[in-house]
Amino acid sequence: MRHWLLTYDLGTRLALYAPLVMLVFVLWLFLTHLTDPPSRKWTWKALLGIAVGMFLVQPYFALSWSPPEKYMGDVYRILYMHVPQLIMAMLALTINFGCSVAYLFKKSWATDSLAEATAEVGLYLGAVGITLGSLWAKPTWNTWWTWDPRLISAAVMMVIYAGYLTLRRFVEDPEKRATWSAVMGIIAGVDIPVLYFSVKWWRSIHQVQSNPSTVDDRMVVVLRWSYVAFAALTIVLIYQRFLAAQATRNREVALPEALPPDEGLPKAAGQGALP
Amino acid sequence: MARIAWIVLVLLAAGTSLLERAGILAFSGLGTVQAVLVALAVLAMLADAAANFSEVRRFGRTIRMVIQKDLQIEWRTRARLNGLVFFALATLLMFSFALGPDTAILRRNAGGYLWLGILFASVLSLGESFRIETENQCLDGLRLAPVDARAIFLGKALGNTFMLWILAIVITPVTIALYDVSVKEGVLKLFGVLLLGCFGISAPGTIYGAIASNARARDVLLPLLLFPVLIPSLLASVKATGLILEGDPMGQLGSWLGLLGAFNLLYWGLGFALFPRVIEDD
């Protein structure tokens, strides 16, 4: 093993840090967006541009530049989508858990809206991630689905959060909905650590988390790149969904108890003039 | 002060045993540390109970009265339990019709069918348990009473557990007859596992029953919310019941009971802490 300064892929070694620089840039843009309202005209477009731009170059890195895997060949390349997607789903649902706890301590429409946004985005990312994993499992395990702790806990998580979103649709009173979905978000949050640690706790067929020292540097670069791309996308999606949820909350709360009577129509019996 | 102490001690003991089971935490003397933690927790609990004796007695009386109320309502008509038993029996029959007359398959999966029968009946039971509260605004009456809402949770959940356990005990002989199984590990063990499994169903079931009873389309909502969170404890109950029916030569029963107990503790703790927020009205 030669010293890393002497290896031919010095560029790769340096490229390891490029995604981290991008991540810092994404987070800085988002913080600027939140804290400096006048900058919102361009920060938002820049964030969206970074997310889209990173996804435009990601296929080249993932499909061509990174080397094939020792045992799986090219099939493994789906992990560049599958892993970041499910990690982002778990992050989003962890934020949902945090928002649920925070709401029960202090009522606020913002935490409730953020909980709704994170649950939806987490469910979307998780469902797509599981589908991709299933596509990978067919050539690798020779089955689309198998009864394994990791797979069961992932499926359970999806069903629980589908139920969570159903509950939100079925309760009209915004305050009751917020409290009940916070309670449910806490109960549902139990599954997130179970999902993450299932490969370590039980003998699972699913791979355990690898670390950068055991895989090719180019794989690390591409995986990190994909992480940051998905992080940018997740921020964009959650934030947009949060704004939409806030607008819905404002409309619900502002709704008067009864609509005012229309002008020019005959009044119903017993309906006096409004003050 | 004593209360904070025992809560922290119990959490520490539970957390260390969980980490030990997960293989993360391991050092010699861990068992001694845990025993000391549990002993200190019991001491602190006793101190807490002695310091707040009237409060504790009031809490216990509330639990007892809620259970008594539910059982009395049930005893006057006996409609719920009758309905549940026949529903569960019909479900068990359906399984044997749906799967054909292959006795080997039926015998091997008898534990699973028994638990599915209990699970389907539990949705009816839990829904009914909160339907009687929405009638004549009974829940508002309970809420207005100057008692701890957590005691109401424990009362309702223990009442539901009892009802489900009775149901399970009644349909067990039928399961044994229908699927031609023998209880290899003893009936008492089987009833113990059934009780633990019913505990596991009724803690989340009581919270979600309270939520669903006030929402639109409650009959759709309750199973949709409840079934996914029950999967871990149901899995453990089915495996443990299967081992008791089929015999347990490898000694696997303990690990499944551990999983069941862990999820019971988790969901009862969460229900205890969160239920007051579920029934609050603002």
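Before reading on, note that the structure itself is shown above.
Residues numbered from 1 in each chain as written. Chains lettered and ligands numbered in written order. Predicted model: local features only at pLDDT ≥ 70, side-chain atom pairs only at ≥ 80, totals over all residues. Heavy atoms only, no water.

**Points about the nonpolar core**
- Ranked by size, the top nonpolar core spans 96 residues in total, and within it A:Tyr161, A:Ile187, B:Ile118 and B:Tyr208 carry the most contacts.
- Among the elements that line this core, the one with the most residues is helix H8 (residues 149-179) of chain B, at 12 residues.
- Apart from the residues within four sequence positions on either side, B:Ile118 is in contact with B:Leu164, B:Ala168, B:Ile171, B:Leu194 and B:Ile201.
- Counting 25 residues, the second largest nonpolar core, distinct from the first, contains A:Met88, A:Val121, A:Phe230 and A:Ala231. (Core = buried A, V, L, I, M, F, W, Y, C linked by side-chain atoms within 4.5 Å. Buried < 20%, exposed > 50% of the residue type's maximum accessible area, 1.4 Å probe, protein only. Helix = DSSP H or I, 4+ residues; strand = E, 2+ residues; numbered from the N terminus. Contact = heavy atoms within 4.5 Å.)

**Quick look at the packing of aromatic side chains**
Residue and element names in this part refer to chain B.
- Tallied over the full model, the rule gives 20 aromatic pairs over all chains.
- Judged by centre distance (5.9 Å) and plane angle (65°), the ring pair of Phe 153 and Trp 268 falls under edge-to-face. In this pair, Phe 153 is assigned in helix H8 and Trp 268 in helix H11 (residues 253-279), connecting sequence segments 115 residues apart. Pair check on accessibility: Phe 153 and Trp 268 agree, each one buried.
- Judged by centre distance (5.9 Å) and plane angle (40°), the ring pair of Phe 263 and Tyr 267 falls under tilted. (Phe/Tyr/Trp six-rings, centres within 6.5 Å; stacked < 30°, edge-to-face > 60°.)

**Quick notes on the pattern of salt bridges**
- According to the stated counting rule, one finds 26 salt bridges over all chains in the structure shown.
- In this structure, the salt-bridge partner of B:Glu133 is B:Lys156, at a minimum N-O distance of 2.7 Å. You can see B:Glu133 sitting in helix H6 (residues 110-134) and its partner B:Lys156 sitting in helix H8, a full 23 residues away along the chain. The same class applies to B:Glu133 and to B:Lys156, which are both buried.
- In this structure, B:Glu185 engages B:Lys189 in a salt bridge whose closest nitrogen and oxygen atoms are separated by 3.4 Å.
- On the accessibility criterion, B:Lys189 (43% relative accessible area) is partly exposed.
- Each of A:Asp112, A:Glu116, A:Glu120, A:Arg168, A:Arg169, A:Arg177, A:Arg241, A:Arg249 and A:Glu252 takes part in a single network of salt bridges with overlapping partners. (Salt bridge = Lys/Arg side-chain N within 4 Å of Asp/Glu carboxyl O.)

**Side note on the environment of A:Gly53**
Residues and elements named next belong to chain A.
- Examined against the element boundaries, Gly 53 turns out to sit in helix H3 (residues 40-65).
- Taking relative accessible area as the criterion, Gly 53 reaches 30% and is therefore assigned partly exposed.
- Placed 176 residues apart in sequence, Gly 53 and Ala 229 show a C-alpha to C-alpha distance of 8.5 Å.

**Examining the packing of helix H9 (residues 187-214) of chain B against H11(B)**
Residue and element names in this part refer to chain B.
- For the pair H9 and H11, interaxial distance at closest approach is 9 Å and the crossing angle is 25°. One way to sum up the angle between H9 and H11 is to call them roughly parallel. Every pair of crossing elements has a handedness; the one defined by H9 and H11 is left-handed.
- Looking at the contact of H9 with H11 residue by residue, the classes come out as 16 nonpolar, 6 polar and 1 charged. (Axes fitted to C-alpha atoms, helices over the stretch in contact; angles between N-to-C directions. Parallel < 35°, antiparallel > 145°, perpendicular 65-115°, else oblique. Left-handed = near helix turned anticlockwise from the far one by under 90°. Nonpolar A, V, L, I, M, F, W, Y, C, P; charged D, E, K, R; others polar.)

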